[in-house]
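These are the residues of each chain, in order.
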Amino acid sequence: MHTGLPVIRTALALGTLLLCAGNSLADGWSGDVATQWNAFVKEPLADEQHRSYLSVSAQPEYYREWEDGSRSFQFEPFARVSQYDSKRTHVDIRELNFGMVEDNWELTAGISKVFWGMTESQHLVDIINQDDLVENTDGEDKLGQPMLNLTLVSDYGNLDLFVLPGFRTRTFAGPEGRPRFGFQLVDQNNPEYESGAEEKHIDLAARWFQMIGDWEVAVSQFRGTSREPGFMLKSPGAPGSPQLVPFYSQINHTGLEIQGVFGAWLWKFEGIRVNGFKERGVKSRSYFASDFGFEYTFVLENGFEIGALMEYNWDQRGRDAFTQFQNDVLVGTRLTFNDVQSTQILAGVMIDAGSAGRSYNVEAERRIGDNWKLSLEARGVFHVKPGDFLYQFRRDNSLRINLARYF
Amino acid sequence: MKTFLTFTLPLLASVSMSTPLLAETPEEQGMAIAVEADSRDNGFGDFSADMLMILKNKQGEESTRQLRSKNLEVENDGDKSLTIFDKPRDVQGTALLTFTHKTGSDDQWLYLPALKRVKRIASNNKSGPFMGSEFAYEDISSQEVEKYTYKYLRDEQLDGEDVFVFERYPVDKKSGYTRQVVWMDKSEYRERKIDYYDRKNSLLKTLTFNDYQQYEGKFWKASAMNMVNHQTGKSTRLVWNNYRFNTGLKDRDFDRNSLKRAH
């Protein structure tokens, strides 16, 4: 009896607190529900895969703040139900946290999402949250991460300290899903870990951020379970495709971010040094990787903006790296129409400087009426040859149409 | 204000002791009016307000946006402002942080809630439309005396009120305007009407201010502003609500982190 009481009392107190809280304009429910159609231009590699996939998703958010916004509560679940792909049908809690803001510090306790970084091609430095890869292969959809985040604010910059209990494994397409890694399927149910604590290992991270004139600089350090897995090939006991077993190493991940703004120019740099990453579960090596470049924005007389993007991506591991960004140049453009429907187009080509392999990416979005948004996305590869990282995705050029209703 | 004061002390002295019209040249007269109007707006500390933006196209179809803004007065420099978007709903939670500067480009950051990413943006698009409206960024950002040079034109009556009519010329070459003609009432130095001339010096837009209310016994704010684009036939109406002054906002409410909390 006695052990249960404090919990009930706390829950009641929290409930009362939430109900009595001031009603700011933002308080309450918001979010979106969407229908998505993913179509693939080419026949799949594996027989069990399909040419097109329909899915529906919902991402509601409940938010409440009180004491002039210095206390907040946020809850944001996410769910998708997808045709064919059993792994893309998934639920997650993106946010479930309590926040405090004081003059010199901020605290977030619970499940949340944190973004680090400056560049566009990839997000090297960003390591707090795991990729929700079944949502999108661009690495911009993330799984909620349990955390305790203390931010110390001073004239010498912001210092973020993180304790991250509970590791989230990366999501991968199921047997019928696309894209997969060639013929290989990821055995997501039996990941292996370097740490004996496995997914219960408590990771630590810190990041210092400061603005210096027209420059923004951040240095970060992460120590714990790598968000990116290495893969070990497991020959199947039963007949079927060979399987990839994710192996999550213990790493030290140091990041540097620099951004400068000079009129219409934005200069961006991200660099990391990773220590302890085990590519195939055994070989441990340290490596550097970086992404740097610029974005220049032209403005036409009617307010139409044309952004020109160029970034160079480099990875010390070269062709051994399980990434497309080992020696590649991104050339892209961002078109902002500044119209009533907020039409935007982002298009880019990633050019492998060492081979003929190319990948492209076009994203366009436009509001319809007051509450709907239509997004189109085209991704794919061309000129890829056996041996290229992208070769495994040679059949997976795709078109995605997403229609979302916001409430 | 201090840096500016050192340059214009003699001018200001004449302002405070007599009417601005005693200044010599039309340029000095125009400047004196702008300085006086600015000084009447000084000392607000901070304020916040809610804004409804009604966009109307040539066919009369309307779409609305709902925003909240917080503003902080900064000594010796332009104001800081945080604008939070509530509607349309797909941009709900998006927020724009602007550090206005008296000279040079403003600093701007945009918060994208879906990615939880704060993005620095090159703020060279002052002439671009704000949220697809007829208001350009430069029309709604903090108006600083130093952003223009001035020329007094004439005295006039507008809707039965005595007004000054003067021209102002944007200093920034990226401005979308060659000049603006301002009608300002003599009684309280409030803007009543502005004609905007495009880079080809033809009349582009007219902004009218309605329903001025006084706050804190000092600050006059228009409750409605209507911008008509003569070249496209489109218009945008701004309706301001819920003005609150001196709510105790601090620098911390206008930093990069504050964007992420902008719900």
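Up top is the structure.
Note that the structure is a prediction, hence the values are computed from the model and not measured.

K.L.:
So what exactly am I meant to see when it comes to the overall build of chain B here?
P.N.:
Counting its secondary structure elements, chain B contains 4 helices and 13 strands. Reported as C-alpha extents along the three principal axes, the dimensions of chain B are approximately 55 × 45 × 35 Å. Within chain B, the fraction of its 263 residues that count as buried is 56%. At a minimum sequence separation of 6, the contacts of chain B that also span at least 24 residues come to 44%. For chain B, the computed accessible surface area is about 11,400 Å², with 51% contributed by carbon and sulfur atoms. Across chain B, the centroid of the 40 positively charged side chains sits 8 Å from that of the 40 negatively charged ones.

K.L.:
Help me out: how do you make sense of the overall build of chain A in this one?
P.N.:
When its secondary structure is counted, chain A shows 1 helix and 22 strands. Its C-alpha atoms give chain A a radius of gyration of 22 Å, within 12% of the compact-globule value 22 Å for 407 residues. Each of the three principal axes of chain A carries a C-alpha extent, and together these read 65 × 60 × 45 Å. Among the 407 residues that make up chain A, the fraction classed as buried is 50%. The long-range share in chain A, meaning contacts at least 24 apart out of those at least 6 apart in sequence, stands at 56%. Total accessible area on chain A is roughly 18,700 Å²; 60% of this is exposed by carbon and sulfur atoms. Looking at chain A, you have 39 positive and 55 negative side-chain charges, and the mean spots of the two groups are 7 Å apart.

K.L.:
Any chance you could explain the side chain of Asp-203 of chain A here in plain terms?
P.N.:
Residues and elements named next belong to chain A. Structurally, the position occupied by Asp-203 is in strand E10 (residues 202-212). A distance of 2.8 Å separates a polar atom in the side chain of Asp-203 from a polar atom in the side chain of His-201. When near neighbours in sequence (up to four residues on either side) are disregarded, Asp-203 contacts Phe-162, Val-163, Leu-164, Phe-222, Arg-223, Gly-224, Thr-225 and Arg-227.

K.L.:
Is there a simple way to think about a nonpolar patch on the surface in this case?
P.N.:
On the surface, Ile-212, Trp-215, Phe-262, Trp-265 and Trp-267 of chain A cluster together into a nonpolar patch covering about 490 Å² of accessible area. Tracing the backbone shows Trp-265 of chain A in strand E15 (residues 265-278).

K.L.:
Sorry, what's going on with the interface of chain A and chain B here?
P.N.:
Put simply, an interface is often sized by how much accessible area is lost when its parts join up. Taken together, the contacts link 50 residues of chain A with 36 residues of chain B. Here chain A and chain B share an interface that buries about 3,700 Å² over both sides, 47% of which is from carbon and sulfur atoms. Applying the counting criterion to the chain A and chain B interface returns 9 salt bridges. In this structure, Arg-252 of chain B engages Glu-106 of chain A in a salt bridge whose closest nitrogen and oxygen atoms are separated by 2.9 Å. Applying the counting criterion to the chain A and chain B interface returns 19 residue pairs in polar contact (both at pLDDT 80 or more).

K.L.:
Where do I start with the pairing of strand E5 (residues 105-112) of chain A in this structure?
P.N.:
Side-chain direction in a regular strand flips from residue to residue, so the side chains alternate between the two faces of the sheet. Residues and elements named next belong to chain A. One ladder, built from 6 bridges, connects strand E4 (residues 90-101) with E5; its direction is antiparallel. Its bridge partner being in E5, Asn-97 is matched across the sheet by Gly-110. Here E4 folds back onto E5, and the loop between the two strands holds 3 residues. Where E5 and strand E6 (residues 145-154) come together, 8 bridges link them in antiparallel fashion. By the bridge assignment for E6, Trp-105 is matched with Leu-152.

K.L.:
I would appreciate a short explanation of the packing of aromatic side chains in the present structure.
P.N.:
How two aromatic rings sit relative to each other is set out by the distance from centre to centre and by the angle between their planes. All told, the structure shown has 42 aromatic pairs over all chains when counted by the stated rule. Aromatic pair Trp-215 of chain A and Phe-262 of chain A: ring centres 5.3 Å apart, planes at 70 degrees, arrangement edge-to-face. Within this pair, whereas Trp-215 of chain A is found in strand E11 (residues 215-225), its partner Phe-262 of chain A is found in strand E14 (residues 250-262), the two being separated by 47 residues in sequence. The exposure class assigned to Trp-215 of chain A is partly exposed, which follows from its relative accessible area of 38%. Clustering of aromatic rings is evident, with ring pairs tying together Phe-44, Phe-47, Tyr-215, Phe-219, Trp-240, Tyr-243 and Phe-245 of chain B. Above the face of the Phe-99 of chain B ring, Lys-80 of chain B is positioned so that its terminal group lies 4.5 Å from the ring centre. Across from the ring centre of Trp-183 of chain B, 4.3 Å away, lies the NZ or CZ of Lys-193 of chain B, which sits over that ring.

K.L.:
Looking at this structure, I do not really get the nonpolar core. What am I missing?
P.N.:
Where a protein is soluble and globular, its nonpolar side chains tend to be buried together. Counting residues in hydrophobic clusters, the biggest one holds 42 residues, and the most contacted among them are Leu-207 and Met-225 of chain B. No other element matches the 5 residues that strand E1 (residues 46-56) of chain B contributes to this core. Not counting residues within four places of it along the chain, the set of residues in contact with Met-225 of chain B comprises Phe-135, Leu-207, Thr-208, Phe-209, Thr-236, Arg-237, Leu-238 and Trp-240 of chain B. Val-114, Ile-128, Phe-277 and Tyr-287 of chain A belong to the second largest nonpolar core, which has 17 residues in total.

K.L.:
Any chance you could explain helix H2 (residues 26-41) of chain B here in plain terms?
P.N.:
Think of an α-helix as 3.6 residues a turn; residues three or four steps apart then line up on the same face. All names here are of chain B. The end-to-end C-alpha distance of H2 is 23 Å, a good match for the 22 Å that 16 residues give at a rise of 1.5 Å each. Among the residues of H2, Gln-29, Gly-30, Ala-32, Ile-33, Ala-34, Val-35, Glu-36, Ala-37 and Asp-38 are the ones counted as buried. Downstream of H2 by a residue or two, Gly-43 has a phi angle that is positive, lying close to 85 degrees.

K.L.:
Honestly, the pattern of salt bridges in this entry has me stumped. Any pointers?
P.N.:
When their charged atoms lie close together, side chains carrying opposite charge are able to pair. This model, assessed by the stated rule, comprises 54 salt bridges over all chains. Ionic pairing is found between Glu-48 of chain A and Arg-180 of chain A, a salt bridge with its closest N-O pair at 3.1 Å. Taken together, the residues Glu-48 of chain A in the loop between strand E1 (28-40) and strand E2 (52-66) and Arg-180 of chain A in the loop between strand E7 (157-165) and strand E8 (185-186) connect sequence positions 132 residues apart. A salt bridge links Asp-103 of chain A to Lys-250 of chain B, with the shortest nitrogen-to-oxygen separation between them at 3.3 Å. With Asp-103 of chain A in the loop between E4 and E5 and Lys-250 of chain B in the loop between strand E13 (235-245) and helix H4 (256-260), this residue pair bridges two chains. Each of Glu-120, Lys-268, Glu-295 and Arg-334 of chain A together with Arg-117 and Lys-119 of chain B takes part in a single network of salt bridges with overlapping partners.

K.L.:
How should I be thinking about unusual backbone geometry in this particular structure?
P.N.:
Glycine aside, negative phi is the norm for most residues, and most peptide bonds take the trans geometry. In this chain, Arg-178 of chain A is followed by Pro-179 of chain A through a cis amide linkage whose omega measures -5 degrees. Tracing the sequence through the fold places Pro-179 of chain A in the loop between E7 and E8. Along the chain, Lys-87 of chain B connects to Pro-88 of chain B via a cis peptide bond; the corresponding omega equals 5 degrees. By the element assignment, Pro-88 of chain B lies in the loop between strand E3 (80-87) and strand E4 (95-99). Despite not being glycine, Asp-68 of chain A shows a phi value in the positive range, around 55 degrees. With respect to the element layout, Asp-68 of chain A can be found in the loop between E2 and strand E3 (71-82). Its relative accessible area of 85% is what places Asp-68 of chain A among the exposed residues. At Lys-116 of chain B, a position not held by glycine, the phi torsion is positive, near 55 degrees. Position of Lys-116 of chain B among the secondary structure elements: in the loop between strand E5 (107-112) and strand E6 (117-121). Taking relative accessible area as the criterion, Lys-116 of chain B reaches 16% and is therefore assigned buried.

The rules behind each value
- Residues numbered from 1 in each chain as written.
- Chains lettered and ligands numbered in written order.
- Predicted model: local features only at pLDDT ≥ 70, side-chain atom pairs only at ≥ 80, totals over all residues.
- Heavy atoms only, no water.
- Helix = DSSP H or I, 4+ residues; strand = E, 2+ residues; numbered from the N terminus.
- Buried < 20%, exposed > 50% of the residue type's maximum accessible area, 1.4 Å probe, protein only.
- Contact = heavy atoms within 4.5 Å.
- Areas by Shrake-Rupley, 256 points an atom, 1.4 Å probe, with all protein chains shown as cover.
- Lys, Arg positive; Asp, Glu negative; His and termini not counted.
- Charge placed at Lys NZ, Arg CZ, Asp CG, Glu CD.
- Rg over C-alpha atoms; globule rule 2.2 N^0.38 Å.
- Polar contact = N/O pair within 3.5 Å; in protein donor to acceptor, adjacent residues only side chain to side chain.
- Patch = residues over 30% accessible without salt bridge, like charges linked within 9 Å, V, L, I, M, F, W, Y side chains within 5 Å.
- Salt bridge = Lys/Arg side-chain N within 4 Å of Asp/Glu carboxyl O.
- Buried area = accessible area lost by both parts, 1.4 Å probe.
- Pairing = 2+ DSSP bridges.
- Phe/Tyr/Trp six-rings, centres within 6.5 Å; stacked < 30°, edge-to-face > 60°.
- Lys NZ or Arg CZ within 6 Å of the ring centre and 35° of its normal.
- Core = buried A, V, L, I, M, F, W, Y, C linked by side-chain atoms within 4.5 Å.
- Expected span 1.5 Å × (residues − 1).

By themselves, these figures tell us nothing about what the structure is for.
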